[in-house]
Each structure stands twice: as C-alpha cells, then as structure tokens.
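An overview of the molecular structure
Each chain, letter by letter, is given below.
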Amino acid sequence: MKRSILGFGLLLALLVLGLFTSGRMEKRHAPIQAALDAAADSVAEENWRGAGILLQEAKTRWERGWRADAALADHAPMEEIDGLFARLLEYCREEDTGEFAAGCRELSRLVKAMTDAHKPNWWNLL
C-alpha cells in the first residue's frame, strides 16, 4: 500500500512539474516570437536599425532561456534556431530585406513549434 501511494505521489509530482515547465516555456518564448515578427515588419518599412535592435532582443531572450529549454527539449530544433539567429545577424548586417524578413518569420515559426511541442495536449500525451 505504501508503494502505491508513493508511486501515485511521484506521478502526480511529475505531472505538476510538467505542466509548470510547459507554462514557463510558453511564457518565455512568446516575447521572442513577438520580437521576431516585429523585426520582419520593421524591415518591410526599411527600418533596419529597429529590426536589428528587435533581433538582438530576441536573441538575448533566447540565450537567457537556452539552458532551461535544453533540459526539457530536443536539441535538434534548438540547434536549428541557433543557426538561424546567426544567419539573421548576417542578413541584417548586409541589409538583405527578403532573406531577413523570411528568416525572421521562419525563426518565429520554429520557436512557436518548439513551444507547441511542449504544451499539455492530448497528442503530446500519447
């Protein structure tokens, strides 16, 4: 009987921890997505200075939460996101409008996909 209660308590603790961490990941990634979308919009208006600032803000937020994400997530998408950040910095330096805007949108989509993969959905539980 004691083992059953201990096992149930452990499973309940893991469920609560999983729900907490998925909520934190969503809260941490939302500003990154918003900054990347705003950077793509800034480039459409030829505001390269603003786009660079927004890209740097998104990159800083990404790096700040990188270790926590690495503990919870698959590393392959994280490496792809890191690579896209590096490419976007170069596109911003060269002021390549098309590549920068497309890269920002793609990066925003990848961050959202990573967040969605850790939400408590029925398809994530199966």
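Structure report, in brief. Please read these numbers as outputs of a predicted model, since none were measured by experiment. (Residues numbered from 1 in each chain as written. Predicted model: local features only at pLDDT ≥ 70, side-chain atom pairs only at ≥ 80, totals over all residues. Heavy atoms only, no water.)

The next subject is the side chain of Thr115. Mapping Thr115 onto the fold places it in helix 5 (residues 97-116). In contact with Thr115, not counting residues within four places along its chain, are Met25, Glu26, His29 and Gln33. (Helix = DSSP H or I, 4+ residues; strand = E, 2+ residues; numbered from the N terminus. Contact = heavy atoms within 4.5 Å.)

Before going further, it helps to spend a moment on the packing of helix 1 (residues 2-44) against helix 5. Contact geometry for helix 1 and helix 5: axes closest at 9 Å, N-to-C directions at 165 degrees. As far as their axial angle goes, helix 5 and helix 1 are roughly antiparallel. For the pair helix 1 and helix 5, the sense of crossing is left-handed. Here Met25, Glu26, His29, Ile32, Gln33, Leu36, Asp37, Ala39, Ala40, Asp41 and Val43 of helix 1 come into contact with helix 5, specifically with Thr97, Phe100, Ala101, Cys104, Arg105, Leu107, Ser108, Val111, Lys112, Met114 and Thr115. A class-by-class count of the residues in the contact of helix 1 with helix 5 yields twelve nonpolar, five polar and five charged. (Axes fitted to C-alpha atoms, helices over the stretch in contact; angles between N-to-C directions. Parallel < 35°, antiparallel > 145°, perpendicular 65-115°, else oblique. Left-handed = near helix turned anticlockwise from the far one by under 90°. Nonpolar A, V, L, I, M, F, W, Y, C, P; charged D, E, K, R; others polar.)

With that out of the way, let us pick up the nonpolar core. Among soluble globular proteins, nonpolar side chains are generally buried collectively. Grouped together as the largest cluster of nonpolar side chains are 26 residues, with contacts concentrated most on Ile81, Phe85 and Phe100. Among the elements of the structure, helix 1, helix 2 (48-64), helix 4 (75-94) and helix 5 are those that each provide at least two residues to this core. Sorting elements by how many residues they give to this core places helix 4 first, with seven residues. Excluding anything up to four places from it in sequence, Ile81 contacts Trp62, Leu107, Leu110, Val111 and Met114. (Core = buried A, V, L, I, M, F, W, Y, C linked by side-chain atoms within 4.5 Å. Buried < 20%, exposed > 50% of the residue type's maximum accessible area, 1.4 Å probe, protein only.)

What follows deals with helix 1. Relative to the 63 Å expected for 43 residues at 1.5 Å per residue, helix 1 spans 63 Å between its end C-alpha atoms, a close match to the ideal helical length. By the largest-angle criterion, His29 marks the main kink of helix 1, which is about 25 degrees, and a proline, Pro31, follows within four residues. Residues of helix 1 that are buried include every one of Ser22, Met25, His29, Ile32, Gln33, Ala35, Leu36, Ala39, Ala40, Ser42 and Val43, and no others. On its buried side, helix 1 packs onto helix 2, helix 3 (66-72), helix 4 and helix 5. (Expected span 1.5 Å × (residues − 1). Bend = angle between axes of the 7 residues up to and from the residue.)

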